Amino acid sequence: MSQTLKHQYSAEQSNVFALEARWVVPVLPYGQVLEQHTVIVQAGRILDILPSEQSKKKYPLVQVIVLNDHVLIPGLINLHTHAAMSLMRGLADDKPLMQWLQQHIWPVEKRFVSERFVRQGSLLGCAEMLAGGTTCFSDMYFFPQAVAEAATQSGMRANIGLVVMDFPTAYAHDAEDYVQKGLQARDDWRDSGLLRASLAPHAPYTVSDSTFVNIVTYAEQLGLNIHTHLHETHTEVEDSIKQYGVRPLQRLEALGVLGPNLVAAHGVHLTGAEMKTLAANGAHIAHCPASNLKLASGIAPVTALVNAGVNVAIGTDGAASNNRQDMFAEMRLAALLAKGASSDAESVSAAEALAMATINAAKALGQEADIGSLERGKCADIVAVNLAAIELQPCFNVISHLVYSAGREHVTHVWVAGELKYQKLQGQAGIYANMEPAELKEISTEWQTQLSQYLA
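The rules we used
- Residues numbered from 1 in each chain as written.
- Predicted model: local features only at pLDDT ≥ 70, side-chain atom pairs only at ≥ 80, totals over all residues.
- Heavy atoms only, no water.
- Phe/Tyr/Trp six-rings, centres within 6.5 Å; stacked < 30°, edge-to-face > 60°.
- Helix = DSSP H or I, 4+ residues; strand = E, 2+ residues; numbered from the N terminus.
- Buried < 20%, exposed > 50% of the residue type's maximum accessible area, 1.4 Å probe, protein only.
- Lys NZ or Arg CZ within 6 Å of the ring centre and 35° of its normal.
- Lys, Arg positive; Asp, Glu negative; His and termini not counted.
- Salt bridge = Lys/Arg side-chain N within 4 Å of Asp/Glu carboxyl O.
- Polar contact = N/O pair within 3.5 Å; in protein donor to acceptor, adjacent residues only side chain to side chain.
- Contact = heavy atoms within 4.5 Å.
- Pairing = 2+ DSSP bridges.
- Axes fitted to C-alpha atoms, helices over the stretch in contact; angles between N-to-C directions.

Student: It is not clear to me how the packing of aromatic side chains should be interpreted in this structure. Could you clarify?
Tutor: Both the distance between ring centres and the angle between the ring planes are used here to describe each pair of aromatic rings. Taken as a whole and judged by the stated rule, the model has eight aromatic pairs. Consider the rings of Phe112 and Trp447, whose centres lie 6.4 Å apart with planes at 85°: the pair is edge-to-face. Of this pair, Phe112 sits in helix α3 (residues 97-112) while Trp447 sits in helix α17 (residues 437-455), placing them 335 residues apart in sequence. Residue classification places Phe112 among the buried residues on the basis of a relative accessible area of 6%. Aromatic pair Tyr422 and Tyr432: ring centres 5.1 Å apart, planes at 55°, arrangement tilted. Separated by ten residues along the polypeptide, Tyr422 in strand β15 (residues 419-423) and Tyr432 in strand β16 (residues 431-432) bring together distant segments of the chain. Judged on exposure class, the residue Tyr422 and its partner Tyr432 are both buried. Feature note: the residues Phe112, Phe117, Trp447 and Tyr454 constitute an aromatic cluster, connected by ring pairs. Lys181 extends its terminal NZ or CZ atom over the ring of Tyr171, reaching a point 5.8 Å from the ring centre.

Student: Before we go on, may I ask you to explain the side chain of Glu236 in this structure?
Tutor: Within the fold, Glu236 resides in helix α8 (residues 234-244). Of the buried charged residues, Glu236 lacks a salt bridge, with Arg251 as the closest side chain of opposite charge at 7.7 Å. A polar side-chain atom of Glu236 sits 2.8 Å from the main-chain amide nitrogen of Glu232. Dropping the residues within four chain positions of it, Glu236 is found in contact with Pro204, Tyr205, Leu230, His231 and Pro248.

Student: I keep staring at the sheet that holds strand β8 (residues 195-201) and nothing clicks. Help me out?
Tutor: To summarise the sheet geometry, strands pair through backbone hydrogen bonds and adopt either a parallel or an antiparallel arrangement. Taken together, the eight strands give an open sheet; going across it, the order is β5-β6-β7-β8-β9-β10-β11-β12, and neighbouring strands pair in parallel fashion. Because the sheet does not close on itself, it has two edges, and the strands there are β5 (76-81) and β12 (311-314). The average undirected angle you get between the axes of adjacent strands in this sheet is 25°. Helix α4 (residues 115-131) contacts β5 and β6 (134-141) of the sheet and is inclined by roughly 150° relative to β6. Sheet contacts for helix α5 (residues 144-154): β6, β7 (157-164) and β8; angle to β7, the most-contacted strand, approximately 170°.

Encoded structure:
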């Protein structure tokens, strides 16, 4: 940990400390805002949340971190990422999805993706997410062990997708090879308190029926979630009808893929009946509004999905298609798009958008007992947002401000399991507990040079 972090908050080295804030937004109960409250943290979990005056009397010896202009929120959870693709940010902009993939991204991946590429790209992605208040991300990429190493160094919580495809890459040569390598990597970190795994069949257009059936079997036997792309573009749906005679969701339903352990990224092109099917099976949607817009994939029917009873959470997708891994921007866009697409100003309120970025995502990962809200007994994954900036004045509604006005630049402190992993003091650059800016700059410079030479 950096000397600045140690010096500034040595209280955290003890077993218990207090965060005294102007506001606390716990997310649950829904829409609640607590004023002048203190969060007591002990051994990485939330011991208590109570008015600050009561806290001083009940915990008189506890060291206090005072945050007079701040709101405390649960750590944001990015439900769909490809963190290593941070190294491809801006590489092939303004292209539709399949052209973007087939003519640009896949050739670059074939040439450059390696364990080192994935570890360093994921570290860069973790740094971006952590500085923006994201404490947990659900990833899908090659070399999952390298993603795990990056997440561990950063100190973030991660659900690491064990990617599976039916064609060879630098990582694996067939579907069973993908599965076995992924499960072997999972065995290396399965006892980690911050890392979990999910099986990640890339998409219906890259995974065969037999592979999906095998994945369902593995998921049931090992108690793992399934993370896949689904109904992202019209082309995907049309090609499925041509090849299989049914739409992708119908195909996955017949193969037994749908269930409460399924996180389907995008869900842009869904019929009303398909939304009901998702809801009946308890499946979850990872809504990626910026990526869907940038690739011209469309606008997901979030209002209809929510009305149908589907749990919708938010993801950024990778930096190659977004080009930000910024959950504040994504919350705002999700709320605005839902209103514009539905002609309903009440659709996806600020409180709902914040829930999509926290507790809804925790539910999708099956981790709602530990993360996603600030409650007694839950993990102390906490973000402090400074609302004192002039562009945030005046403030009449804190939750509204978090979604519609504030940005990741207003994040000042990020704790994961009660440990400070990032802080940005006024007038200073952000400081990471476990990452050095010089290392991150070296990574970016090296790969920019290599990729630029390849593309020239």
